[in-house]
Amino acid sequence: MQRTWNFTDGTTIPVGTMYCIGRNYAAHAREMGATVADDPIVFIKPPSAYRTEGVPIELPEFSRDVHHEVELVVVIGADADTIDARSAWDVVAGVGVGLDLTARDLQSEAKKNGHPWSVAKSWKGSAPVSRIIPRHQCGRGPWELGLHVNDHIRQQGSTADMERSVEQLIAYLSTVFTLQRGDCIFTGTPEGVGPLRAGDHVRATLDGRPVLNMVCQ
Ligand code: MG
(Lines give C-alpha, C1' and ligand atoms only; values in the text may rest on other atoms or scores of the structure.)
Protein backbone atom coordinates (compact mmCIF):
# COMPACT_ATOMS: atom_id res chain seq x y z
CA MET A 1 0.00 0.00 0.00
CA GLN A 2 1.47 3.32 -1.10
CA ARG A 3 1.27 5.92 1.66
CA THR A 4 1.65 9.59 0.80
CA TRP A 5 2.38 12.88 2.49
CA ASN A 6 -0.62 15.07 1.82
CA PHE A 7 0.31 18.72 1.41
CA THR A 8 -2.17 21.50 2.12
CA ASP A 9 -1.81 22.68 -1.50
CA GLY A 10 -2.89 19.28 -2.85
CA THR A 11 0.59 17.97 -3.65
CA THR A 12 1.44 14.41 -2.60
CA ILE A 13 4.81 12.67 -2.13
CA PRO A 14 5.26 8.97 -1.31
CA VAL A 15 6.26 8.41 2.33
CA GLY A 16 9.81 7.15 2.76
CA THR A 17 11.94 6.45 5.81
CA MET A 18 10.98 8.30 8.97
CA TYR A 19 14.04 9.37 10.97
CA CYS A 20 13.20 10.16 14.58
CA ILE A 21 15.32 12.16 17.00
CA GLY A 22 15.34 11.37 20.71
CA ARG A 23 15.93 13.85 23.57
CA ASN A 24 16.07 17.00 21.45
CA TYR A 25 14.45 19.07 24.22
CA ALA A 26 16.28 19.26 27.56
CA ALA A 27 13.04 19.38 29.61
CA HIS A 28 11.78 16.14 28.05
CA ALA A 29 15.16 14.45 28.56
CA ARG A 30 14.87 15.42 32.26
CA GLU A 31 11.33 14.02 32.60
CA MET A 32 12.64 10.71 31.22
CA GLY A 33 15.43 10.72 33.80
CA ALA A 34 18.04 11.30 31.10
CA THR A 35 20.28 14.02 29.75
CA VAL A 36 20.81 15.42 26.25
CA ALA A 37 23.26 13.15 24.41
CA ASP A 38 26.43 14.41 22.73
CA ASP A 39 25.34 13.01 19.36
CA PRO A 40 21.67 12.94 18.29
CA ILE A 41 19.77 9.80 19.25
CA VAL A 42 18.30 8.43 16.02
CA PHE A 43 15.79 5.68 15.42
CA ILE A 44 13.70 4.82 12.37
CA LYS A 45 10.05 4.12 11.65
CA PRO A 46 9.06 2.43 8.38
CA PRO A 47 6.50 3.97 6.00
CA SER A 48 3.96 1.43 7.29
CA ALA A 49 3.96 3.28 10.64
CA TYR A 50 2.46 6.36 8.98
CA ARG A 51 -1.17 7.31 9.46
CA THR A 52 -3.06 10.54 8.93
CA GLU A 53 -6.50 11.98 9.66
CA GLY A 54 -9.44 9.87 8.60
CA VAL A 55 -8.46 6.73 10.48
CA PRO A 56 -8.31 6.05 14.23
CA ILE A 57 -5.15 5.73 16.28
CA GLU A 58 -5.02 1.96 16.85
CA LEU A 59 -3.45 1.29 20.22
CA PRO A 60 -1.56 -2.03 19.94
CA GLU A 61 -2.61 -4.95 22.11
CA PHE A 62 0.97 -5.71 23.12
CA SER A 63 1.28 -2.48 25.15
CA ARG A 64 -0.57 -1.21 28.23
CA ASP A 65 1.12 2.19 28.18
CA VAL A 66 1.23 3.97 24.80
CA HIS A 67 2.46 7.56 25.18
CA HIS A 68 1.93 10.58 22.94
CA GLU A 69 4.98 12.60 21.87
CA VAL A 70 3.99 15.61 19.77
CA GLU A 71 6.74 16.65 17.36
CA LEU A 72 7.50 18.94 14.45
CA VAL A 73 7.82 16.74 11.36
CA VAL A 74 10.00 17.92 8.48
CA VAL A 75 9.39 16.30 5.08
CA ILE A 76 12.38 16.08 2.73
CA GLY A 77 11.77 17.16 -0.87
CA ALA A 78 15.12 16.42 -2.52
CA ASP A 79 17.89 13.88 -1.99
CA ALA A 80 20.59 15.07 0.41
CA ASP A 81 23.98 13.40 0.82
CA THR A 82 26.45 15.12 3.15
CA ILE A 83 25.11 18.66 3.03
CA ASP A 84 25.90 21.36 5.57
CA ALA A 85 23.45 23.18 7.78
CA ARG A 86 23.64 26.36 5.70
CA SER A 87 22.11 24.65 2.66
CA ALA A 88 19.88 22.23 4.59
CA TRP A 89 16.70 24.25 4.22
CA ASP A 90 16.97 23.84 0.42
CA VAL A 91 15.91 20.17 0.71
CA VAL A 92 12.86 20.79 2.92
CA ALA A 93 9.50 20.15 1.22
CA GLY A 94 7.41 21.33 4.15
CA VAL A 95 6.52 20.82 7.78
CA GLY A 96 3.69 19.27 9.74
CA VAL A 97 2.97 17.92 13.20
CA GLY A 98 3.24 14.25 14.11
CA LEU A 99 2.88 11.94 17.06
CA ASP A 100 5.84 9.70 17.83
CA LEU A 101 3.62 7.13 19.55
CA THR A 102 5.66 5.08 21.97
CA ALA A 103 4.89 1.85 23.82
CA ARG A 104 6.57 3.18 26.97
CA ASP A 105 6.35 -0.12 28.85
CA LEU A 106 8.17 -1.95 26.05
CA GLN A 107 10.67 0.89 25.64
CA SER A 108 11.53 0.86 29.36
CA GLU A 109 12.09 -2.89 29.19
CA ALA A 110 14.25 -2.51 26.06
CA LYS A 111 16.32 0.24 27.69
CA LYS A 112 16.83 -1.91 30.80
CA ASN A 113 18.03 -4.85 28.72
CA GLY A 114 20.04 -2.84 26.19
CA HIS A 115 17.74 -3.98 23.38
CA PRO A 116 16.65 -1.96 20.31
CA TRP A 117 13.51 0.21 20.46
CA SER A 118 12.00 -0.96 17.15
CA VAL A 119 8.96 -2.75 18.59
CA ALA A 120 8.36 -0.02 21.20
CA LYS A 121 8.56 2.79 18.65
CA SER A 122 7.92 1.60 15.11
CA TRP A 123 4.78 -0.55 15.10
CA LYS A 124 2.14 -0.08 12.41
CA GLY A 125 0.25 3.13 13.12
CA SER A 126 2.90 4.54 15.46
CA ALA A 127 3.41 7.67 13.33
CA PRO A 128 0.27 9.78 12.78
CA VAL A 129 1.14 13.00 10.91
CA SER A 130 -0.93 16.03 9.89
CA ARG A 131 -1.18 17.39 6.39
CA ILE A 132 2.09 19.08 5.40
CA ILE A 133 2.42 22.84 4.95
CA PRO A 134 4.62 23.55 1.90
CA ARG A 135 7.95 25.25 2.57
CA HIS A 136 6.95 28.50 0.89
CA GLN A 137 4.03 28.82 3.34
CA CYS A 138 5.41 27.49 6.62
CA GLY A 139 8.22 29.96 7.34
CA ARG A 140 11.48 28.80 8.90
CA GLY A 141 10.28 28.70 12.49
CA PRO A 142 10.38 28.67 15.38
CA TRP A 143 7.01 26.91 15.53
CA GLU A 144 4.75 26.41 18.53
CA LEU A 145 3.58 22.84 19.14
CA GLY A 146 0.57 21.82 21.21
CA LEU A 147 -1.19 18.60 22.10
CA HIS A 148 -4.63 18.32 23.66
CA VAL A 149 -6.21 15.08 24.84
CA ASN A 150 -9.98 15.32 25.40
CA ASP A 151 -9.58 19.13 25.36
CA HIS A 152 -6.99 19.12 28.15
CA ILE A 153 -3.62 20.56 27.22
CA ARG A 154 -0.92 17.92 27.68
CA GLN A 155 2.06 19.27 25.75
CA GLN A 156 3.05 22.75 24.75
CA GLY A 157 6.45 23.73 23.43
CA SER A 158 8.44 25.78 20.98
CA THR A 159 10.91 24.46 18.46
CA ALA A 160 13.10 27.38 19.63
CA ASP A 161 13.93 25.09 22.59
CA MET A 162 15.26 22.26 20.43
CA GLU A 163 18.84 21.30 21.28
CA ARG A 164 19.55 20.88 17.57
CA SER A 165 17.81 22.91 14.88
CA VAL A 166 16.04 21.49 11.83
CA GLU A 167 19.02 22.52 9.70
CA GLN A 168 21.52 20.87 12.07
CA LEU A 169 19.50 17.66 12.13
CA ILE A 170 19.32 17.52 8.32
CA ALA A 171 23.06 18.11 8.06
CA TYR A 172 23.81 15.40 10.64
CA LEU A 173 21.45 12.81 9.14
CA SER A 174 22.78 13.49 5.62
CA THR A 175 26.29 12.58 6.76
CA VAL A 176 25.19 9.21 8.17
CA PHE A 177 22.35 8.26 5.80
CA THR A 178 21.36 9.64 2.43
CA LEU A 179 18.15 11.56 2.95
CA GLN A 180 15.77 10.95 0.08
CA ARG A 181 12.72 12.72 -1.25
CA GLY A 182 9.76 11.59 0.85
CA ASP A 183 11.80 10.82 3.95
CA CYS A 184 10.94 12.81 7.05
CA ILE A 185 12.42 13.81 10.39
CA PHE A 186 10.52 13.63 13.67
CA THR A 187 12.47 16.32 15.49
CA GLY A 188 11.86 15.32 19.11
CA THR A 189 9.21 16.10 21.70
CA PRO A 190 8.89 18.79 24.36
CA GLU A 191 7.97 17.77 27.90
CA GLY A 192 4.53 16.57 28.99
CA VAL A 193 4.42 13.11 27.38
CA GLY A 194 1.73 10.84 28.80
CA PRO A 195 -0.56 7.87 28.22
CA LEU A 196 -3.36 7.47 25.67
CA ARG A 197 -6.44 5.32 26.24
CA ALA A 198 -9.11 3.94 23.92
CA GLY A 199 -11.69 6.65 23.27
CA ASP A 200 -9.28 9.55 23.81
CA HIS A 201 -9.65 12.42 21.36
CA VAL A 202 -6.25 13.75 20.34
CA ARG A 203 -5.78 17.19 18.82
CA ALA A 204 -2.38 18.55 17.79
CA THR A 205 -1.77 22.21 16.97
CA LEU A 206 0.86 24.12 15.04
CA ASP A 207 1.19 27.79 16.00
CA GLY A 208 -2.16 27.45 17.77
CA ARG A 209 -4.03 26.09 14.75
CA PRO A 210 -5.50 22.57 14.95
CA VAL A 211 -3.75 20.45 12.33
CA LEU A 212 -4.39 16.88 13.44
CA ASN A 213 -7.53 15.38 14.99
CA MET A 214 -7.70 11.66 15.71
CA VAL A 215 -9.50 9.32 18.10
CA CYS A 216 -7.83 6.36 19.84
CA GLN A 217 -9.34 2.91 19.66
MG1 MG B 1 9.95 11.23 20.13
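Refer to the preceding data block for the structure.
Residues numbered from 1 in each chain as written. Predicted model: local features only at pLDDT ≥ 70, side-chain atom pairs only at ≥ 80, totals over all residues. Heavy atoms only, no water.

Draft legend 1. The arrangement of the environment of Lys124 in detail. Looking at the element boundaries, Lys124 is found in the loop between α4 (118-121) and β10 (127-128). Here Lys124 falls in the exposed class, since its relative accessible area comes to 66%. Ignoring anything within four residues of it in the chain, the contact list for Lys124 reads Ser48, Ala49 and Arg51. (Helix = DSSP H or I, 4+ residues; strand = E, 2+ residues; numbered from the N terminus. Buried < 20%, exposed > 50% of the residue type's maximum accessible area, 1.4 Å probe, protein only. Contact = heavy atoms within 4.5 Å.)

Draft legend 2. Layout of the sheet that holds strand β16 (residues 201-206). The 4 strands are arranged β13-β12-β16-β17 in an open sheet whose pairing can be described as antiparallel. The open sheet has two edge strands with one neighbour each: β13 (152-158) and β17 (209-215). Taken over all neighbouring pairs, the strand axes of this sheet differ in orientation by 15 degrees on average, direction set aside. Relative to β13, strand β12 (residues 144-149) is paired through 6 bridges, and the arrangement is antiparallel. (Pairing = 2+ DSSP bridges. Axes fitted to C-alpha atoms, helices over the stretch in contact; angles between N-to-C directions.)

Draft legend 3. View of the pairing of β17. Sheet analysis places β16 next to β17, joined by 6 bridges and oriented antiparallel. Pairing of Ala204 across the sheet is with Leu212, part of β17. Linkage of β16 to β17, two consecutive antiparallel strands, is achieved through a turn of 2 residues, within which Asp207 is found at a positive phi near 50 degrees.

Draft legend 4. Structural context of helix α3 (residues 104-113). Residues of α3 that are buried include every one of Arg104, Gln107 and Ala110, and no others. Projection of α3 onto a plane perpendicular to its axis shows the buried side chains occupying an angular sector of 120 degrees, all on one side. Buried residues belonging to α3 abut β6 (66-68), β9 (102-103) and α4. (Arc of directions from axis to C-beta.)

Draft legend 5. Region of the structure containing a negative patch on the surface. Negative charge collects at one region of the surface, where Glu31, Glu144, Asp161, Glu163, Glu191 and Asp207 lie side by side. The topology assignment puts Glu163 in the loop between β13 and α6 (166-176). Judged by its relative accessible area of 39%, Glu163 falls in the partly exposed class. (Patch = residues over 30% accessible without salt bridge, like charges linked within 9 Å, V, L, I, M, F, W, Y side chains within 5 Å. Areas by Shrake-Rupley, 256 points an atom, 1.4 Å probe, with all protein chains shown as cover. Salt bridge = Lys/Arg side-chain N within 4 Å of Asp/Glu carboxyl O. Lys, Arg positive; Asp, Glu negative; His and termini not counted. Charge placed at Lys NZ, Arg CZ, Asp CG, Glu CD.)

Draft legend 6. Highlighting the pattern of salt bridges. If you walk through the whole model with that rule in mind, you get 8 salt bridges. With a closest N to O distance of 3.0 Å, Glu167 and Arg140 form a salt bridge. On the criterion of sequence distance, the pair formed by Glu167 in helix α6 and Arg140 in the loop between α5 (135-138) and β12 is long-range, its members being 27 residues apart. Given the relative accessible area of 16%, Glu167 is considered buried. Between Asp151 and Arg203 there is a salt bridge; the shortest N-O distance is 3.1 Å. Of this pair, Asp151 sits in the loop between β12 and β13 while Arg203 sits in strand β16, and the two are 52 residues apart along the sequence. We classify Arg203 as partly exposed; its relative accessible area is 21%. Salt bridges sharing common partners tie together Lys45, Glu69, Asp100, Arg104 and Lys121.

Draft legend 7. Seen up close, unusual backbone geometry. Residue Gly141 is joined to Pro142 through a cis peptide bond whose omega torsion reads 0 degrees. Of note, Pro142 is situated in the loop between α5 and β12. The backbone of Thr82 shows a phi angle near 55 degrees, a positive value even though the residue is not glycine. With respect to the helices and strands, Thr82 occurs in the loop between β7 (70-76) and α2 (85-88). The phi dihedral of Asp151 is positive, around 70 degrees, even though this residue is not glycine. Taking the relative accessible area as the measure of exposure, Asp151 reaches 62% and is therefore exposed.

Draft legend 8. Just the packing of aromatic side chains, in detail. The full count for this structure, using the stated rule, is 5 aromatic pairs. Between Trp5 and Tyr50, the aromatic rings sit 4.9 Å apart at their centres with planes inclined by 75 degrees, giving edge-to-face as the arrangement. Taken together, the positions of Trp5 in strand β1 (residues 4-6) and Tyr50 in strand β5 (residues 50-51) put the pair 45 residues apart, joining distant regions of the chain. Tyr50 shares its class with Trp5; the two are buried. (Phe/Tyr/Trp six-rings, centres within 6.5 Å; stacked < 30°, edge-to-face > 60°.)

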